[in-house]
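Survey of secondary and tertiary structure
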Protein chains: 2
Amino acid sequence: MALLGMDLGGTKLATAVFTEDGELIKKDRVFLDKRGGSGVGRLITGRIRETLDDALRENYSIDSIGISVPGISRSDSGTVWAPNIPGWDDYPLLAEAESAGGNIPVVIDSDRACYIAGELWKGNAKGCRDAIFLSVGTGIGAGIIVNGDILRGSHDIGGSIGWMALDRPYSDDYAGCGCFEYHASGEGITRTAGRMLEKDADYSGILRDKPLAEISSRDVFEAFEKGDPLASLVIGDCIEFWGMAVANLISLFNPEVIILGGGVFGPALRFIDDISKESSRWAQPVSSRQVRITGSALGGDAGVTGAGYMALKKLREII
Amino acid sequence: MALLGMDLGGTKLATAVFTEDGELIKKDRVFLDKRGGSGVGRLITGRIRETLDDALRENYSIDSIGISVPGISRSDSGTVWAPNIPGWDDYPLLAEAESAGGNIPVVIDSDRACYIAGELWKGNAKGCRDAIFLSVGTGIGAGIIVNGDILRGSHDIGGSIGWMALDRPYSDDYAGCGCFEYHASGEGITRTAGRMLEKDADYSGILRDKPLAEISSRDVFEAFEKGDPLASLVIGDCIEFWGMAVANLISLFNPEVIILGGGVFGPALRFIDDISKESSRWAQPVSSRQVRITGSALGGDAGVTGAGYMALKKLREII
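Residues numbered from 1 in each chain as written. Chains lettered and ligands numbered in written order. Predicted model: local features only at pLDDT ≥ 70, side-chain atom pairs only at ≥ 80, totals over all residues.

1. With respect to the interface of chain B and chain A
When the parts come together, some accessible area is lost, and that loss is often what is quoted as the size of the interface. Taken together, the contact between chain B and chain A spans 40 residues of the former and 40 residues of the latter. Among the secondary structure elements, those contributing two or more residues to the side of chain B that touches chain A are α7 (229-253), α8 (272-282) and α9 (285-290) of chain B. It is α7(B) that provides the largest number of residues to the side of chain B that touches chain A, a total of seven residues. (Contact = placed C-beta atoms within 7 Å. Helix = DSSP H or I, 4+ residues; strand = E, 2+ residues; numbered from the N terminus.)

Here's what the structure looks like:
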């Protein structure tokens, strides 16, 4: 018996096969290139068929399929909204994947739900019933486990923590992405640095070496490492926002663990002590002492691993 | 078959008997007077015995008991922490109530959990699987239902929304109660009004009629009703904080309904449209359109009704 996990991102599709104990049998990935719409659908169904064929040849069976998507999986219709994949406003992925898989059960969930599911199965949330994965990358989202179950909300869009209100007064800048994401996502870091660079004519540090439009959040982290004063201001702001958001998760959910992951929390994990310190000023103090704040154990494999775990859970529901 | 619900507050103990369909058989209440510690325990066990005796005499059976407490019910030890009841840091209420009830099952939960349970059974959250009761009174807390279950967290202190970080920078004033509660609880309203009165020597409105120390949040609401400018500023601030908090609940939980209740949301319910409008600026926009924001259907009976429902749920777990 084996489980197929797939992690669709904005630029690539990762595939992995696991035993039911979570042991990795194999994994690989393909790039989406310029695919959109049904092209991405065919890439996924193609990989399903190939993986099933391989399994047949290698004499084991794939018994369940889980797919992580970068957006919202609508559990009532089986369709997917994924803003970074052209034409995926309401894409019928469940029907296509089920058709490609024959009689094999298929489950689809959002990437943030899969991240925490992966950590629950094989990472830093093992054995937890209340755990949160705070994913900060280009955007921000949270995968949340309450009483051992994924929090999806009434219409599958729970965990939209990028919209968290953290700073008065309201600004129209928040309308497209939310206050927290505006200030403290990868894009937020780049934007804040850009705004400061425009304002601060006297600054002549490292971040002037590149045209404004080419500066990435990674450049800001590197400048910070080298003691750049403008980068320090930007990162200092972010640490405040990350700490406040972590605090709010602690106060509301009283979780056992909060895992910081996603693209930005590669370079930003070095600030975990600062984030914890900031969080502990704001959070319910008893909950704050009880929680563990840590990085992801799975890194870039959190999504595909969580998809594998979703596949296992789906199978257990059925049998 | 009948269920006994009890709602312990800081000043009184309400008791109600329900049929399993939630029909009220009878209710009454007693004041705590100056009782504390085991005096409150004896009051509760006394009421349990009297209610059981009455039931026997009137020829029906009490089959399960639920108790709402103004603090934290520790599910592992069966003890209660209730900051407003002297000596209740770790009070062994479960053991005492079980002993008074004979072989009848007893369940204890926090008031905020009971509020939302009550609304789920007989109020504005009927039929919901994702619902929230935001209770704003002297303090602030949230009773939260996720996937049909109460969110308690790993150590029974989930829903501590009074600690929500909503306004930078951090102030030491938040250390005792949290940012949201500091600004927007009943006490917060009184405190903000007091601070403004001290600062604003030119103000000669209604709120000068009383000594500063005697002004209550109700006075501020009344002054607002009469067009008082200082009261308008205070209430305007509160609406912003309430709206932001409601927004954060919407973005994180994607609930079907958010119910505003508690002492302050008697007079403050008239602002529900303003709060909804403020919330919709901040919240995840799709979730924001899906949620219903409303007042409590049960008012002061939410706690005792929820305790009755907890009793029913406990019984169904067993049988």
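So that's the structure; there's more coming.
2. Topic: the sheet that holds strand β2 (residues 12-19) of chain A
All names here are of chain A. The strand order across the open sheet formed by five strands is β3-β2-β1-β4-β7, and the pairing between neighbours is mixed. Here the strands that pair on one side only, and so sit at the sheet edges, are β3 (24-31) and β7 (106-110). For this sheet, the mean angle separating the axes of adjacent strands, direction not counted, is 15°. For strand β4 (residues 62-69) and β7, the ladder comprises five bridges, and the chain directions are parallel. Each residue of the ladder has a partner; that of S68, found in β7, is D109. Each of β1 (2-8), β4 and β7 touches helix α3 (residues 111-122); the most contacted strand, β7, lies at about 105° to it. Strands in contact with helix α10 (residues 302-318) are β1, β2, β3, β4 and β7; relative to β4, the strand with the most contacts, it is inclined by about 130°. (Pairing = 2+ DSSP bridges. Axes fitted to C-alpha atoms, helices over the stretch in contact; angles between N-to-C directions.)

3. Thoughts on the sheet that holds strand β10 (residues 149-150) of chain A
Residue and element names in this part refer to chain A. Spatially, five strands are ordered β10-β9-β8-β11-β12 in an open sheet, and the strand pairing comes out mixed. Only two strands of the sheet have a single partner each, and these edge strands are β10 and β12 (292-295). α3 contacts β8 (131-136), β9 (140-146), β10 and β11 (257-261) of the sheet and is inclined by roughly 130° relative to β8.

Worth remembering: the numbers are spatial, not functional.
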